[in-house]
Amino acid sequence: MGQEVAARTFSREDRQRYRTKVRANLDVFARMLSEARFHPEMRSFGLEVELNLTDDAGEPALINAAALEAIADPAFQTELGQFNIEINVPPRLLEGEVFSELETAARASLNDAEERARTVGAHMMIIGILPTIDATHLRAESFSANPRYALLNEQVFAARGEDLEISIAGVERLSTHADTIAPEAACTSVQLHQQVEPEAFARYWNAAQAIAGVQVAVAANSPFFCGKELWRETRIALFEQATDTRPEELKIQGVRPRVWFGERWITSIFDLFEENVSYFPALLPVCDDEDPLATLERGDTPRLGELRLHNGTIYRWNRPIYDVVRDQPHLRVENRVLPAGPTVADIMANAAFYYGLLKVIAEEERPVWSQMSFSAAEENFHAGAREGIDARLYWPGVGEVPVAELVVRRLLPLARAGLEQWGVDSDDADRLLDIIERRCVSLRNGASWQSQVFHRLYDGEGMDRSEALREMTRRYREHMHSNEPVHRWPTD
C-alpha cells in the first residue's frame, strides 16, 4: 500500500485509458515470461514488519509522523494509520547464519528506533492487532498523511456505495459498521518475500497456499479487536472485510473480493496477473508515460507501472510480485499470512519454518497440492485463523488432525530438510525450529498467551475489561523487549 499516489479525482477517460494500459502491460509481461528475461537468483529473500505505536498506558499513539522524524531512518516508513509504521529489511541470501544475523540486525534497529520514538512519547509493539484499539482510533482522521490512503478510501467507498459491515463471530461476537477503511489499519503483519524464477513460480505459490493454514494457526497473535475476543487471528477476518468493495448483492452474484485467497492452483504467474486484470476494476487508475512495448523492443526493462499498481490494490494472502531492481526484472512470492510479533525471535522462527517447508513442498515430485483440493487449502486457512494453535486441519495422507501434532510429527522434519537444502546453518535452523516445536508442544502462541493473561486479569482478578486489556498489553510489550519466545512467557 505504500506506493506514492497524488491526491486527485478520476474521470471516465482515466479509467478507460488505464484499462487499455494495464492490458498492454499484461501482453508485454507475457512476452517477457516467454523470453526468460528475469533475474535467476532463487535464494534471495526479504521481509517487512508492520508495527504499532503505543503510549505509556498501552493505548494507540497516533503520532507516526513525529516518531518517524525522531527515528530518522529511511528503513522505517508510514503505514495506513497514524499509530502504524513499517520497517523494510533489505534482501539477503538464504544461506549460512542468515537468520541469526538478521535477528541481531533487526533487534538493534528496533531497539534504536524505540529509544528515539520514546522521545516523542511512543513505544513500538509488534503484534497482529493492538488489543486496546477501539472505534475511536479508526476514523478518517487516523489516516497517515500520504494522500494515497485518503484516495484509496474514497475509491473503495465509491465502488461499494455504502458503509462497510464488520461481522466476526469467534469466542465473542462483533457486529459493527465503518464509514472508512480505517479498521484495516488495526491489522499489522509480517510479509515474507521469496524471489523465484518464472518456471518455478507456480510451484512456490501453490506450496505457499497449501501451507498457509498451518502458518496462521501456529503463529496466531490477534485474538482481540474493539474490546472483543474473536478469532485467534482476527486480523484475517478483519482485513478481508475492511477493504471489501462489494455490497451484498455483488457478493451473492459471486464477484471476487479484493482480499482474496484465490480459487485454484495455478500453472504460471501469468494466471494470477490475468485474473487481476479480468476480475478487478481499477481502484487507482493512474497512468505513467511509459510505452512498455517500445521499452522492451529497444532492449530496456519495462516498469509495467499500471500492472504493478493494480496488483497492489488486490490483496492476495500470497501475492505475485513483479519488480525491477537496477534495470533487472525479477519475480517474488509475497507471503502476507503472518501477524507481526510477538518477538523478533518468534518472527525469525516463523520465517525459518516457512522458508524451509516451502522449499521441500515446492520441489516434491508429487506435490501436496496435487493431493488436496484448493477449497481444502482455503478451509484450512480460515480454520487456522479461527482456532489458532488448537485448530484441526486437513492434510493429505493423514486426514483431519490437530495442527500442533501435524507440525511436530510431519512438517518440522520437512522444514529442517528444506533449510539444509537452502544451505542454512544447522545450529541456526535447529534453534529456530525448536521455537516452533515448543509452541506446538505447549500449545502456547501469541494469541493463547494474550487470552490466558486477559482472563486471569478480567475473570480472576476482577479488573474491568478495558483495564485488563491495557494491563495485558503493557505486559506483552515488556516481554516483547526481552526477545524471549512467547512460549516461555509467564501468564501470572
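Residues numbered from 1 in each chain as written. Predicted model: local features only at pLDDT ≥ 70, side-chain atom pairs only at ≥ 80, totals over all residues. Heavy atoms only, no water.

> Describe in detail the overall build of the chain, supporting the description with residues and values.
Tallying secondary structure elements over the chain gives 16 helices and 15 strands in all. Here the C-alpha atoms of the chain give a radius of gyration of 22 Å, agreeing with the 23 Å that 2.2 N^0.38 yields for 492 residues. Each of the three principal axes of the chain carries a C-alpha extent, and together these read 70 × 50 × 45 Å. The burial tally for the chain puts 60% of its 492 residues in the buried class. Considering only contacts within the chain whose residues lie at least 6 apart along the sequence, 76% involve residues at least 24 apart. Accessible surface, the chain: about 18900 Å² in total, of which carbon and sulfur atoms supply 46%. The positive charge centre, built from 53 side chains, and the negative charge centre, built from 78, are 2 Å apart in the chain. (Helix = DSSP H or I, 4+ residues; strand = E, 2+ residues; numbered from the N terminus. Rg over C-alpha atoms; globule rule 2.2 N^0.38 Å. Buried < 20%, exposed > 50% of the residue type's maximum accessible area, 1.4 Å probe, protein only. Contact = heavy atoms within 4.5 Å. Areas by Shrake-Rupley, 256 points an atom, 1.4 Å probe, with all protein chains shown as cover. Lys, Arg positive; Asp, Glu negative; His and termini not counted. Charge placed at Lys NZ, Arg CZ, Asp CG, Glu CD.)

> Summarise the pattern of salt bridges; cite the residues concerned and give the values.
Any two side chains of opposite charge can pair if their charged atoms end up close together. Scanning all chains against the criterion turns up 37 salt bridges. The residue aspartate 288 makes a salt bridge to lysine 21 at a minimum N-O spacing of 3.0 Å. Taken as a pair, aspartate 288 in the loop between α8 (269-279) and α9 (292-297) and lysine 21 in helix α1 (residues 12-34) lie far apart in primary sequence, 267 residues in all. The class for lysine 21 is buried, based on a relative accessible area of 12%. The closest approach of N and O atoms between lysine 251 and aspartate 244, which form a salt bridge, is 3.9 Å. We classify lysine 251 as partly exposed; its relative accessible area is 29%. Among the residues examined, aspartate 244 registers a relative accessible area of 7% and is labelled buried. (Salt bridge = Lys/Arg side-chain N within 4 Å of Asp/Glu carboxyl O.)

> Please provide a residue-by-residue account of the pairing of strand β6 (residues 173-178), values included.
Note that strand β5 (residues 164-169) and β6 share six bridges and pair antiparallel. Residue pairing in the sheet places serine 167 in a bridge with serine 175 of β6. As consecutive antiparallel partners, β5 and β6 are separated by three residues. (Pairing = 2+ DSSP bridges.)

> Please set out the packing of aromatic side chains residue by residue, giving values where relevant.
Under the criterion given, the structure shown has 22 aromatic pairs. Ring centres of phenylalanine 29 and phenylalanine 38 lie 6.4 Å apart, and the angle between their planes is 85 degrees; on these two criteria the pair is classed as edge-to-face. Comparing phenylalanine 29 with phenylalanine 38, the two get one shared label, buried. Each member of the aromatic cluster is reached from another via a ring pair, and the members are Trp205, Phe239, Phe261, Trp265, Tyr315, Trp317, Phe374 and Phe381. Cation over ring: lysine 359 sits above tryptophan 422, and NZ or CZ is 4.3 Å from the ring centre. Here the basic side chain of arginine 465 rests over the ring of tyrosine 458, its NZ or CZ set 5.1 Å away from the ring centre. (Phe/Tyr/Trp six-rings, centres within 6.5 Å; stacked < 30°, edge-to-face > 60°. Lys NZ or Arg CZ within 6 Å of the ring centre and 35° of its normal.)

> Kindly report on empty space enclosed by the protein, identifying the contributing residues and their values.
Scanning the entire structure with this criterion turns up three cavities of 30 Å³ or more. There is about 150 Å³ of room inside the largest cavity. Taken together, 13 residues form the lining of the largest cavity, with Leu110, Asn111, Val344, Met480 and His481 sitting closest to its centre. Of all the elements in the fold, those that place two or more residues in the lining of the largest cavity are α3 (98-118), β4 (123-125) and α16 (465-482). Broken down by element, the residue count for the lining of the largest cavity peaks at four residues, all from α3. Taken together, the residues of the lining of the largest cavity sort by class into seven nonpolar, four polar and two charged. Of the pockets and cavities examined, the second largest cavity occupies roughly 70 Å³. Looking at the lining of the second largest cavity, the elements with two or more residues in it are β1 (44-54), β3 (84-93), α3 and α11 (344-363). (1 Å grid on protein atoms, 1.4 Å probe; cavity = no way out; pocket = protein on both sides within 12 Å on 5 of 7 lines; lining within 4 Å. Points joined across faces, edges and corners; volume = space filled by probe spheres on them. Nonpolar A, V, L, I, M, F, W, Y, C, P; charged D, E, K, R; others polar.)

> An account of helix α14 (residues 426-442) is needed here, citing residue identities and associated values.
In a regular helix each residue adds 1.5 Å, so 17 residues correspond to 24 Å; α14 covers 24 Å between its end C-alpha atoms and thus fits that length. If you check which residues of α14 are buried, you get Asp428, Ala429, Leu432, Leu433, Ile435, Ile436, Arg439 and Cys440. Considered in projection along α14, the buried side chains sweep an arc of 135 degrees and stay on one side of the axis. Looking one or two places after α14, you find leucine 443, whose phi comes out positive at around 55 degrees. (Expected span 1.5 Å × (residues − 1). Arc of directions from axis to C-beta.)

> Please provide a residue-by-residue account of the environment of tyrosine 354, values included.
Of note, tyrosine 354 is situated in helix α11. Once the C-alpha coordinates of tyrosine 354 and glutamate 233 are considered, the two residues, 121 residues apart in sequence, prove to be 17 Å apart. Discounting residues that sit within four places of it in the chain, tyrosine 354 has contacts with Leu192, Ala208, Ile211, Gln215, Asn318, Val333 and Asn335.

> Run through the nonpolar core, naming residues and quoting values.
Counting 163 residues, the largest nonpolar core has Phe29, Phe76, Phe99, Val214, Phe353 and Val407 as its most contacted members. The greatest single-element share of this core, amounting to 15 residues, is contributed by helix α5 (residues 198-219). Apart from residues lying up to four places away in sequence, valine 214 is in contact with Phe353, Leu393, Trp395, Val403, Leu406, Val407 and Leu411. (Core = buried A, V, L, I, M, F, W, Y, C linked by side-chain atoms within 4.5 Å.)

> Could you give an account of the side chain of asparagine 52, naming the residues involved and the relevant values?
Among the secondary structure elements, asparagine 52 is positioned in strand β1. Given the relative accessible area of 0%, asparagine 52 is considered buried. A polar contact is formed between the side chain of asparagine 52 and the side chain of threonine 188, at a distance of 3.0 Å. (Polar contact = N/O pair within 3.5 Å; in protein donor to acceptor, adjacent residues only side chain to side chain.)

> A description of the layout of surface pockets should follow, citing residues and the corresponding values.
Estimated volume of the second largest pocket: approximately 410 Å³. Taken together, 22 residues make up the lining of the second largest pocket; nearest its centre are Arg19, Arg258, Phe280, Pro281 and Ala282. Broken down by secondary-structure element, the contributors of at least two residues to the lining of the second largest pocket are α1, α4 (147-160) and α8. Considering every element that reaches the lining of the second largest pocket, the biggest residue donor is α1, with five residues.

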